[in-house]
Amino acid sequence: MSFATNAVVSKAKSMYGGRLSKEDYDELLRRKSVADITFYLKHQTAYSEVLSDVHEATIHRGQLENLLHRHVFDKGMRLVHFAGNENRNFYRCDVITKEIDFILERVRMLNSELYEGFLSDVPMYLNQYTSFELADLEKVHTFGELLQLLRKTPYYNLLAPFQPQKGEAIDYTSCEHVLQSYYFDHLREVINQSFKSKTRKQLLTIVDTQIELMNITKIYRYRKFFQEDLDVIRGSLMKCSRMSEQFLEQLMAAPTMDAFKRLLADGPFHLYMDDSDFVFIEYYADTIRYNACRRYMRFSNEAPLVYYTFIALLQFEVENLINIIEGIRYGVPPENIEKMLIY
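Small disclaimer: the values here were computed from a predicted structure and weren't measured.

Caption draft 1: View of the packing of aromatic side chains. On inspection of all chains with the given rule, the structure shows 15 aromatic pairs. On the numbers, 6.2 Å between centres and 65° between planes, the contact of Phe-90 with Tyr-307 is edge-to-face. Of the two residues, Phe-90 sits in helix H5 (residues 88-112) while Tyr-307 sits in helix H14 (residues 303-329), which places them 217 residues apart along the sequence. Accessibility expressed as a relative area gives 2% for Phe-90, which makes it buried. Both rings, one in Phe-132 and one in Tyr-155, keep their centres 6.5 Å apart while their planes meet at 85°; by these two values the pair is edge-to-face. Placement of the pair is Phe-132 in the loop between H5 and helix H6 (143-149) and Tyr-155 in helix H7 (residues 155-159), with a sequence separation of 23 residues. With respect to burial, Phe-132 and Tyr-155 carry one shared label: buried. An aromatic cluster of three or more residues is present, and its members are Phe-90, Tyr-91, Phe-195, Tyr-307 and Tyr-308. Directly above the ring of Tyr-16 sits Arg-19, whose terminal nitrogen or CZ lies 4.0 Å from the centroid.

Caption draft 2: Just the packing of helix H3 (residues 34-44) against helix H4 (residues 61-83), in detail. At a minimum axis distance of 10 Å, the contact between H3 and H4 shows a crossing angle of 25°. As summarised for this structure, H3 and H4 are arranged roughly parallel, according to the angle between their axes. For the crossing formed where H3 meets H4, the hand is left-handed. From H3, Val-34, Ile-37, Thr-38 and Leu-41 reach across to H4, where they touch Arg-61, Leu-64 and Leu-68.

Caption draft 3: Seen up close, the packing of helix H13 (residues 281-299) against H14. Packing of H13 against H14 brings their axes to within 9 Å, and their N-to-C directions diverge by 140°. When the interaxial angle is binned, H13 and H14 end up oblique. When the axes of H13 and H14 are compared, the crossing they make is left-handed. Contact residues: Asp-286, Arg-289, Tyr-290, Cys-293, Arg-294, Tyr-296 and Met-297 in H13; Leu-305, Val-306, Thr-309, Phe-310, Ala-312, Leu-313 and Phe-316 in H14.

Caption draft 4: Quick look at the pattern of salt bridges. This model, assessed by the stated rule, comprises 20 salt bridges. Linking Glu-99 and Arg-92 is a salt bridge whose minimum nitrogen-to-oxygen distance equals 3.6 Å. Given the relative accessible area of 2%, Glu-99 is considered buried. Residue Glu-249 is joined to Arg-234 by a salt bridge in which the shortest nitrogen-to-oxygen separation is 2.8 Å. You can see Glu-249 sitting in helix H11 (residues 245-253) and its partner Arg-234 sitting in helix H10 (residues 230-236), a full 15 residues away along the chain.

Caption draft 5: Quick look at the nonpolar core. Of all hydrophobic cores here, the largest spans 92 residues; its most connected members are Tyr-47, Phe-90, Tyr-155, Leu-159, Phe-310 and Ile-324. The biggest single contributor to this core is H14, with 17 residues. Beyond its immediate stretch of four places on either side in the chain, Phe-90 contacts Leu-187, Val-190, Ile-191, Phe-195, Leu-203, Pro-304, Tyr-307 and Tyr-308. Counting residues in each nonpolar core, the second largest holds 20 residues, with Ile-219, Tyr-220, Leu-251 and Phe-260 among its members.

Caption draft 6: View of unusual backbone geometry. For Ser-197, which is not a glycine, the phi torsion comes out positive at approximately 45°. If you trace the backbone, Ser-197 turns up in helix H9 (residues 197-226).

Caption draft 7: Broad picture of H3. Of the residues making up H3, those classed as buried are Val-34, Ile-37, Thr-38, Tyr-40, Leu-41 and Lys-42. Of the surrounding elements, those touching the buried residues of H3 are helix H2 (22-29), H4 and H14.

Caption draft 8: Structural view of the environment of Met-77. Checked against the element boundaries, Met-77 lands in helix H4. Given the relative accessible area of 19%, Met-77 is considered buried. Each C-alpha atom, one on Met-77 and one on Tyr-91, is 8.8 Å from the other, the two residues being 14 residues apart in sequence.

Caption draft 9: Representation of the environment of Lys-139 in the model. Here Lys-139 is to be found in the loop between H5 and H6. With 62 residues separating them in the primary sequence, Lys-139 and Lys-201 have C-alpha atoms 43 Å apart.

Caption draft 10: Geometry of H13. Taking 1.5 Å as the rise per residue, H13 with 19 residues should run 27 Å; its terminal C-alpha atoms sit 28 Å apart, in good agreement. Looking only at H13, the buried set comprises Ile-281, Ala-285, Arg-289, Tyr-290, Ala-292, Cys-293, Tyr-296 and Met-297.

Caption draft 11: Spotlight on the side chain of Thr-217. Tracing the sequence through the fold places Thr-217 in helix H9. Given a relative accessible area of 9%, Thr-217 falls into the buried group. Residues in contact with Thr-217, not counting those within four places in the same chain, are Glu-282 and Ala-285.

So, how was this worked out
- Residues numbered from 1 in each chain as written.
- Predicted model: local features only at pLDDT ≥ 70, side-chain atom pairs only at ≥ 80, totals over all residues.
- Heavy atoms only, no water.
- Phe/Tyr/Trp six-rings, centres within 6.5 Å; stacked < 30°, edge-to-face > 60°.
- Helix = DSSP H or I, 4+ residues; strand = E, 2+ residues; numbered from the N terminus.
- Buried < 20%, exposed > 50% of the residue type's maximum accessible area, 1.4 Å probe, protein only.
- Lys NZ or Arg CZ within 6 Å of the ring centre and 35° of its normal.
- Axes fitted to C-alpha atoms, helices over the stretch in contact; angles between N-to-C directions.
- Parallel < 35°, antiparallel > 145°, perpendicular 65-115°, else oblique.
- Left-handed = near helix turned anticlockwise from the far one by under 90°.
- Contact = heavy atoms within 4.5 Å.
- Salt bridge = Lys/Arg side-chain N within 4 Å of Asp/Glu carboxyl O.
- Core = buried A, V, L, I, M, F, W, Y, C linked by side-chain atoms within 4.5 Å.
- Expected span 1.5 Å × (residues − 1).

So, in structure tokens, the structure goes:
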């Protein structure tokens, strides 16, 4: 094991040891406001560094969530620093996900014509890493202006076909699909070029697992809530090298939701849900991915795999915190918020 590899693995496992405990979650669920949550995170957890300059009494929900996401990014950048220049393209893939998130957020705003307030939520510390100026997204009021901003990036050619006619809404679903597909295709390509044998196989396995679960969740949404036809559903799915097209076709064509559930129960992930909790399919899918990441994080000594799974686990933790914040904001009972947490 090289010095850089050993440094990444050791540092990631050390930071993972500082994750929130069951006792931390129990305490956070007893909090009554964003200020109370911020105070606890600032003084009792590993989030103290990113929250060190925050005044608990004046912080609002959006600011706190932005800082929580910055915590994930800062931890990732710390590991990238230890990795040095080796496999730099792989470690940069996390920035691509951030760019895609901001592009899609702007597309949603363009469709709703809500332009104000965007800049305050953009983490400007990312600017030194991104392929376009994040601050310039605030100036984008049309899809054409968005394309102009992205002209020197790979996103231009991906999104150009979806330029809407005057008066038409932007096809958000197609934009999301093409950008997500680009990210996973690029990630696979980088993994195949950068790594060999066991490391490559394990990274591809965890990436494919994520794609498969996303596809299952998309099929469920379209079937349950929108009753879309098969061509629309089929066009929304991402390419996957493991899950058979036959199984996906069976899920899409299942005559009833009960038949859909039976197929999931017998499928590769054995997703079984009764009538009372089937609505939480995304929770179960995320739980499968979380457990896979945790297993690799605990037992692997391969720096790229440890890095990738550590970031995923930290993102799960931040999503837990956001669920707690939102739940408290809307007066959801603590026991119901707890059911949404994955740890």
